[in-house]
Amino acid sequence: MRLRNITGSREVIKESVFVVHEPERYKGKWKELYGNENPLFVEIGMGKGRFLIEMARQNPDINFIGIEKYSSVLLRAIQKLEEMEAEGETLPNVRFIRMDAEDIAEVFDREELDRIYLNFSDPWPKERHAKRRLPSRQFLARYDRILKKEGVIEFKTDNRDLFDFAVEELEPANWKIKELTYDLHADERLCENNVMTEYEERFSSQGNPICKYIIYR
């Protein structure tokens, strides 16, 4: 269960230097924010930031943006960066945005992103909410506009129903499978250099297989 109500979380976010405020101002010019021409990778639904922060650590030549809807969850990621900074470690290549993913095309320009990560997304189990699922054809259409033609989307989940739905959405949305596994941690090749999220560590420790795909157009 995601944390959604922590008193003062919105105030902390508003003041944080790690959060991009009014992100629409950077549409088409995100490279100016980072001051370099490095690739831009985005995680949608970043949660507490473990995956994104570790990826930024391992890849200083890539710029990362984490998008999170819930203030109380984003607060945890901000606190992690603050703790790292207090210990003398800085990550200039990672920033956060608090927003609803439905508005993502208002923040990024056409073909501005190099890669998109979807990790353990909300399954929205009721059928009438299918279009809200991040791997739905509706969202794939949004990603198609903002992702470079050679870009890919990586999706991980322990929810087999959601994963099956995501795979079924690919053909009508004109996306193709580059890699697919129904048990990531048993796949030595695909699991190499895998960075786990908080949910991934928890669910895999309980014996739940992790599904993953990498898709392209």
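Above this text sits the structure in question.
Here's what I pulled together on the structure shown here.

Cut-offs and rules
- Residues numbered from 1 in each chain as written.
- Predicted model: local features only at pLDDT ≥ 70, side-chain atom pairs only at ≥ 80, totals over all residues.
- Heavy atoms only, no water.
- Core = buried A, V, L, I, M, F, W, Y, C linked by side-chain atoms within 4.5 Å.
- Buried < 20%, exposed > 50% of the residue type's maximum accessible area, 1.4 Å probe, protein only.
- Helix = DSSP H or I, 4+ residues; strand = E, 2+ residues; numbered from the N terminus.
- Phe/Tyr/Trp six-rings, centres within 6.5 Å; stacked < 30°, edge-to-face > 60°.
- Lys NZ or Arg CZ within 6 Å of the ring centre and 35° of its normal.
- Pairing = 2+ DSSP bridges.
- Right-handed = clockwise from strand over helix to strand, strands pointing away.

In terms of nonpolar packing, the biggest core is built from 37 residues, with W30, I44, F108 and Y143 touching the most fellow members. Elements with a minimum of two residues in this core: α2 (30–34), β1 (40–44), β2 (63–68), β4 (113–119), α5 (137–146), β5 (147–157), α6 (160–170) and β7 (211–216). In terms of residues, this core owes the most to one element, α6, which gives five residues. In terms of nonpolar packing, the next biggest core, distinct from the first, is built from 22 residues, M46, M84, L91 and Y117 among them.

Positive phi outside glycine occurs at F120, with the angle close to 50°. The topology assignment puts F120 in the loop between β4 and α5. Exposure remark for F120: the relative accessible area of 7% places this residue in the buried category. Positive phi, normally seen in glycine, also occurs at N193, with a value near 65°. Here N193 lies in the loop between α7 (188–191) and α8 (198–205).

In this structure the tally under the stated criterion is 12 aromatic pairs. Their ring planes at 40° and their centres at 5.7 Å tell us that F163 and Y213 sit as a pair that is tilted. You can see F163 sitting in helix α6 and its partner Y213 sitting in strand β7, a full 50 residues away along the chain. On the basis of relative accessibility, which here comes to 0%, the residue F163 falls in the buried class. What links up through ring pairs into an aromatic cluster is the set F41, F51, F64 and Y117. It is R133 that lies over the ring of F165; its NZ or CZ is 4.5 Å from the centre. Between R142 and the ring centre of F139, over which it is positioned, the NZ or CZ distance is 4.4 Å.

Counting buried positions along β2 gives six out of six residues, so the element sits mostly inside the fold. Of the two faces of β2, both are covered, the one formed by N63, I65 and I67 as well as the one formed by F64, G66 and E68. Pairing of β1 with β2, which is carried by five bridges, proceeds in the parallel orientation. Looking at the pairing, E43 lines up with G66 of β2. Regarding topology, helix α3 (residues 50–58) serves as the crossover connection from β1 to the parallel β2, and that connection is right-handed. Strand direction decides the pairing type here: β2 and strand β3 (residues 94–98), joined by five bridges, are parallel. Residue pairing for β3: G66 is matched across the bridge by F96. Between the parallel elements β2 and β3, the chain passes through helix α4 (residues 71–86) in a crossover that is right-handed.

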